[in-house]
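# Structural overview for review
One-letter residues, chain by chain:
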Amino acid sequence: MRKAFPTIAACDFGSSKVAILICEITPSGLEVAGFGQARSRGVRKGVVVNLDSTVEALQEAIHEAQSLSQVDIDFLVCGVTGTHIQCLQSNGMIPVREREIRQLDVQKVLETASTVSLPLDREVIQVIPQEYIVDGQDGIHQPVGMYGRRLEARVQIVTGAVTTLQNIRRCLQKADLDSDAFISHPLASARAVVGPQEREAGVCVVDIGAASTDMVVFQDGVLSWLQSISIGGMHLTNDLAVGLKTSLNDAEEIKHRYGCVLQPDPYEKVEIVGLAGAETRQIDRRLITTILQPRVEEILQLVRNELAKRGVDESLPSGIVLTGGSSLLKGLLDVSHSVFSLPCRLGRPERLGGLSEMISTPVYSSLVGLIQLGFEQSEDLKYMASVYQKKGVKKFQAQVFRWMKDFF
Ligand SMILES: Nc1ncnc2c1ncn2[C@@H]1O[C@H](COP(=O)(O)OP(=O)(O)OP(=O)(O)O)[C@@H](O)[C@H]1O
Ligand SMILES: [Mg+2]
């Protein structure tokens, strides 16, 4: 394997695909070095339901990515999602000894804020600083260098189910990989598709995948909450298979080729294959829309209900950003406009350097965001390491120091 720069890789355990992206950390930024993907057969809604199939898919994806990149992976970020992911808010306060706030004080206050008692079956995945408060003055994002006697921090702690995370670790181990950090998928998708201005104004990112729809809301520039709903593109495919009496594979193809949630030309006909070798037949394309539309509305209304529960359905000036594979369904934006009555747009991941053409579609928003967050959050992970003393996080800390030594 060649070795020019340190490398970071991201793994997306989706319900339809297991994808791996490898980037080199070059002086000009992240450069895509390799990418591999395999059909996912063992993951449902973020949970491993078949260990062997997941390991097989993982091995296939990593083999493809490494044969393209010819590099080893120094640091691996793994995305996690599902209804087991929860977010809780916490606060911490420390007195400032030297009057001038130092990085060490910030580290300490984050440790204090993240010291919460969790049930034994839950594990901390990420600690995300929301804001700092210096002597009662709130809304501070970077307190280092400021004067004050009392430093407070507000954080969001993202937790996951221990057993679900252990099963993901097990799959990685069996594929000779080791996750250095877990990052929640909704946060990763948001990193890839929305910028600081939209977060400041208030925005909801909705990643519609195959079996789940991940949503995350940002207000005043910080994470407000995140959630995963167990519904996605697979439900659309199932509806088509039942409605058109075809196999799931054919229904999936029909969805990609002719799927549309806006009524098409009334005379347009399409040819489809029937079940068990039945002859091909012509159907009215409008039938496909009639089947897909109610389910798409249902998915978007579930998202809207969650926003309404938290009272933010009308206070998101930057509106809704739709991403994930199912956001490619034709007409989705129009339906979304009518459901939310908010600005809606499609979110594509920011382009990275190198071979990034192949991943610049909403299908890979989460994968790209994982790499970006994994790279940027190294400081946060170091704090977490000292608080939770997790083997993987410690390893990352050591790795970051090694990279720094190599570079300077
Ligand atoms: N052009 C398209 N039109 C309609 N649907 C599409 C299109 N392209 C992909 N999809 C759908 O997107 C879904 C896959 O999206 P994605 O890759 O984001 O899911 P995933 O990450 O594997 O799943 P999950 O996030 O639910 O675990 C599939 O249901 C697929 O049918
Ligand atoms: Mg996904």
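Structure: see above.
Quick look at the structure, then. Nothing here was measured: the structure is a model prediction, and the numbers come from that model. Within each chain, residues carry numbers counting from 1 in the order of the written sequence. All chains are assigned letters beginning at A, and all ligands numbers beginning at 1, according to the order in which they are written. Only residues with pLDDT of 70 or above have their local features reported here, since the model is predicted, and side-chain atom pairs are shown and tallied only from 80 upward, although totals for entire chains, interfaces and linings are computed over all residues. With hydrogens and water excluded, all non-hydrogen atoms of the structure serve as input to the side-chain values.

Here we come to the overall build of the protein chain. The numbering of helices and of strands both runs from the N terminus, where a helix is a DSSP run of H or I of at least 4 residues and a strand a run of E of at least 2. Counting its secondary structure elements, the protein chain contains 12 helices and 19 strands. Three labels apply to residues, based on accessible area from a 1.4 Å probe with only protein chains included: buried if under 20% of the type maximum, exposed if over 50%, partly exposed otherwise in between. Within the span of the protein chain, comprising 408 residues, buried residues form 55% of the whole. Here the contacts in the protein chain between residues at least 6 apart in sequence split such that 67% fall between residues at least 24 apart. Using a 1.4 Å probe, the Shrake-Rupley method yields the accessible areas, and only the shown protein chains count as cover for residues. As displayed, the protein chain has an accessible area near 18,100 Å², and 50% of this comes from carbon and sulfur atoms. Throughout, a contact is declared for two residues whenever any of their heavy atoms are within 4.5 Å.

What makes a nonpolar core is a set of buried Ala, Val, Leu, Ile, Met, Phe, Trp, Tyr and Cys residues whose side-chain atoms join them at distances within 4.5 Å. By size, the foremost hydrophobic cluster in this structure holds 64 residues, and its most contacted members are Phe13, Leu21, Leu58 and Leu187. It is strand β2 (residues 17–26) that provides the largest number of residues to this core, a total of seven residues. Ignoring anything within four residues of it in the chain, the contact list for Leu58 reads Cys11, Phe13, Val18, Ile20, Cys171, Leu172, Ala175 and Leu177. By size, the runner-up hydrophobic cluster in this structure holds 38 residues, among which are Cys204, Val206, Ile229 and Leu292.

This part is about the pairing of strand β13 (residues 213–219). Side-chain direction in a regular strand flips from residue to residue, so the side chains alternate between the two faces of the sheet. Counted residue by residue, β13 has six buried out of seven residues, so it is predominantly covered. Pairs of strands are assigned from DSSP output, requiring at least two bridges between the strands. Between strand β12 (residues 203–208) and β13, which pair antiparallel in sequence order, lie four residues. For β13 and strand β14 (residues 222–229), the ladder comprises seven bridges, and the chain directions are antiparallel. If you follow Phe218 over to β14, its bridge partner there is Leu223.

Now for the packing of aromatic side chains. Pairing of aromatic side chains here covers Phe, Tyr and the six-membered ring of Trp, requires ring centres within 6.5 Å, and sorts the geometry by plane angle: under 30 degrees stacked, over 60 edge-to-face, intermediate tilted. Following the criterion strictly, the structure yields one aromatic pair and no others. Measuring from centroid to centroid gives 5.1 Å for Phe35 and Tyr364, while their planes differ by 75 degrees, and the two rings are edge-to-face. Here the residue Phe35 occupies a position in strand β3 (residues 29–39), and Tyr364 occupies one in the loop between β19 (353–354) and α10 (365–376), the gap between them amounting to 329 residues. Given the relative accessible area of 9%, Phe35 is considered buried. Note on Tyr364: relative accessible area 10%, which makes it buried. Here, a charge over a ring means that NZ of Lys or CZ of Arg falls within 6 Å of the ring centre while also lying within 35 degrees of the ring normal. The ring centre of Phe218 lies 4.4 Å from the NZ or CZ of Arg199, which sits over that ring.

A separate point is the site of ligand 1. Here a residue counts as near a molecule or strand whenever at least one of its heavy atoms sits within 4 Å of it. The environment of ligand 1 is made up of 19 residues, and the closest members are Ser16, Lys17, Ala211, Glu252 and Lys255. Here an oxygen atom of ligand 1 sits 2.8 Å away from a polar atom, N or O, in the main chain of Ala211. Isolated, ligand 1 exposes 650 Å² of accessible area, and the fraction of that covered by the protein chains is 90%. Contributing elements (two or more residues each) for the shell around ligand 1: α6 (233–244) and α7 (248–258). It is α7 that provides the largest number of residues to the shell around ligand 1, a total of three residues. For this analysis, a polar contact is any N or O atom pair within 3.5 Å, provided that within protein one partner can donate a hydrogen and the other can accept it, and provided that sequence-adjacent residues contribute only side-chain to side-chain pairs.

Below, the discussion takes up the environment of Gly209. On the secondary structure map, Gly209 appears in the loop between β12 and β13. In this structure, the C-alpha to C-alpha distance between Gly209 and Ile231, residues 22 residues apart in sequence, is 8.3 Å. Non-local contacts of Gly209, meaning those with residues more than four positions away in its chain, are made with Gly232, Gly233 and Ser326.

Read across the sheet, six strands follow the order β11-β6-β1-β2-β3-β19 without closing on themselves; strand pairing throughout is mixed. Of all strands in the sheet, those with a lone pairing partner are β11 (181–184) and β19, marking the two edges. Here strand β6 (residues 75–80) pairs with β11 via four bridges, running parallel. What sits directly across from Cys78, in β11, is Phe182. Interaxial angle, 0 to 180 degrees, is taken between N-to-C directions of lines fitted to C-alpha atoms, where a helix line uses only the stretch in contact. Running at roughly 140 degrees to β6, helix α3 (residues 162–174) makes contact with β1 (7–13), β6 and β11 of the sheet. Of the strands in this sheet, β1, β2, β3, β6 and β11 are in contact with α10, which crosses β1 at around 140 degrees.

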